[in-house]
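Reading the structure
Residues per chain are reported as follows:
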Amino acid sequence: MTTSLSERLSAELSGLRDSGLLIKPRVLDEANRARTRVDGREVVNLASNNYLGFADHPRLKARAAAYLREWGVGAGAVRTIAGTLRIHEELEAQLATFKHTGSALVLHSGFTTNQGVLGTLLKEGDLVVSDALNHASIIDGLRLTKATKKVYQHADVDDLERLLQENETDGLKLVVTDGVFSMDGDLAPLDRLIAVARKYGAVTYVDDAHGSGVMGDAGRGTVHHFGFENADDVIQVGTLSKAWGGVGGYAAGHADLRELLINRARPYLFSTAQPPAVVGGLVAAIEEVQRDPSLMRRLWDNTHYFKAELEKLGFDTMGSVTPITPVLFGEPEAAFEASRMLFSEGIFAVGLGFPTVPRGSARIRNIVTAEHTRADLDQALEAYDRVGRQLKITG
Ligand code: PMP
């Protein structure tokens, strides 16, 4: 007998419920700020990707409102038909200048950027070698290609070299890595990784979703941090949805990359262009980070302070070197219980377990931002101290 929709929905949902994987997102009652209201409670927000406080920044909002008034609510079409507004091209030119790359293209999200770029570039006979901890959107993007796919152990340049050696091809070779890894807060070893890629004639593809607006001079990104921004054999992709405060993705690199993506990237070709207000906010964001150097300073001062104080309390921050600050609990029950206890103390930080992170390494992921005050961080640290002792993680 044919499966009915209700049977399918109820079977899937009870499967999730039974395995403890059913997600019920918390709801923000106010804008996404360092201090906000979540599920009716005032909280210090350590859960968002709002690194520079741009999600609710007055200058960005003013520009978004101005673009909305002048250019309207929607772009009206896909970019290749009638949806390319002058402001889209201005944002792309601004991004290419900012990133010191030959070209840049804006897409709808970091997720669709990975699908669009990987799906466009890679063909049968090509080789792609991808870090084991790369983001889900890279994994899905690679599913769209007929290239030979290999996975190297996380950040292990020797393992990468072995795979490049063993899988010689005349096709394009692509090494794919996150710039900053979203669950651990560690950096890809781009200096060694790009050297090995070059040795085998491979192009390096860096998803800098968590490094853009965070790493490098004025937040130019992880590739800039390692000094490779002008290289034609490095492709930078990322999101405009985290540090940059809006929503969108970008691909930047070789001068011809943009034109090929305009012609071939399916999310670009078949999905309506970014709305004007979003474009306005993003243009203002890239100006603002260069106008106000205190943003980056505060982001990094807060990051160093919070991490050092957590470690003094006895927590394991898992070797993170970026504002992504995991606190290891091991078992998911402990991480989820700690997250609930923190929330009841006014600290919003999310627990993560398998399959989001490997078994045995359940954690709470804290994200420090430029917007947090010392008082916010101290409140969080005091709560962590109590929770850590109560759950016998510390003390
Ligand atoms: N790549 C990485 C490494 C990410 O962390 C994310 C965000 N979850 C994305 C891509 C997707 O970006 P977006 O939210 O703009 O779709």
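So, here is what we can say about the structure in this document. Every chain is numbered on its own, with residues counted from 1 as its sequence reads. Confidence filtering applies because this is a predicted model: local features only for residues at pLDDT of at least 70, side-chain atom pairs given and counted only at 80 or more, and all residues used for totals across whole chains, interfaces and linings.

Below, the discussion takes up the site of the ligand. Near residues are defined by distance alone, with the backbone-placed C-beta atom required to lie within 6 Å of the molecule or strand. Neighbouring the ligand are 13 residues; Ser109, Gly110, His135, Ala209 and Thr239 lie closest to it. Polar here means any residue other than Ala, Val, Leu, Ile, Met, Phe, Trp, Tyr, Cys and Pro, which are nonpolar, and Asp, Glu, Lys and Arg, which are charged; Gly is therefore polar. Classifying every residue of the shell around the ligand gives two nonpolar, nine polar and two charged.

We now examine the packing of helix α2 (residues 58-71) against helix α12 (residues 276-291). Close contact between α2 and α12 brings their axes to 7 Å; oriented N to C, the two are set at 145°. With respect to the hand of their crossing, α2 and α12 are arranged in right-handed fashion. In contact with Arg59, Leu60, Arg63, Ala64, Ala66, Tyr67, Leu68 and Trp71 of α2, α12 contributes Pro276, Ala277, Val279, Gly280, Gly281, Val283, Ala284, Ala285 and Glu288. Here the contact of α2 with α12 is built from residues that sort into twelve nonpolar, two polar and three charged. Axis lines are fitted through C-alpha atoms, for helices just across the contact stretch, and the angle between N-to-C directions can take any value from 0 to 180 degrees. By the criteria applied, helices consist of DSSP H or I runs no shorter than four residues and strands consist of E runs no shorter than two, each listed in order from the N terminus. Here is the rule for handedness: rotate from the far helix to the near one, and if that takes an anticlockwise turn smaller than a right angle the crossing is left-handed, while a clockwise turn gives right-handed. With C-beta atoms placed from the backbone, a contact is any residue pair whose C-beta atoms sit within 7 Å.

Ordered in space as β1-β2-β11, the three strands form an open sheet in which the pairing is mixed. The sheet terminates laterally at β1 (35-38) and β11 (347-348), the two strands that pair on one side only. With four bridges joining them, β1 and strand β2 (residues 41-45) adopt antiparallel strand pairing. Of the residues in β2, the one forming a bridge with Arg37 is Glu42. Set on the sheet, helix α15 (residues 374-390) makes contact with β1, β2 and β11; between it and β2 the angle comes to about 100°. In this scheme, strands are said to pair when DSSP sees at least two bridges between them.

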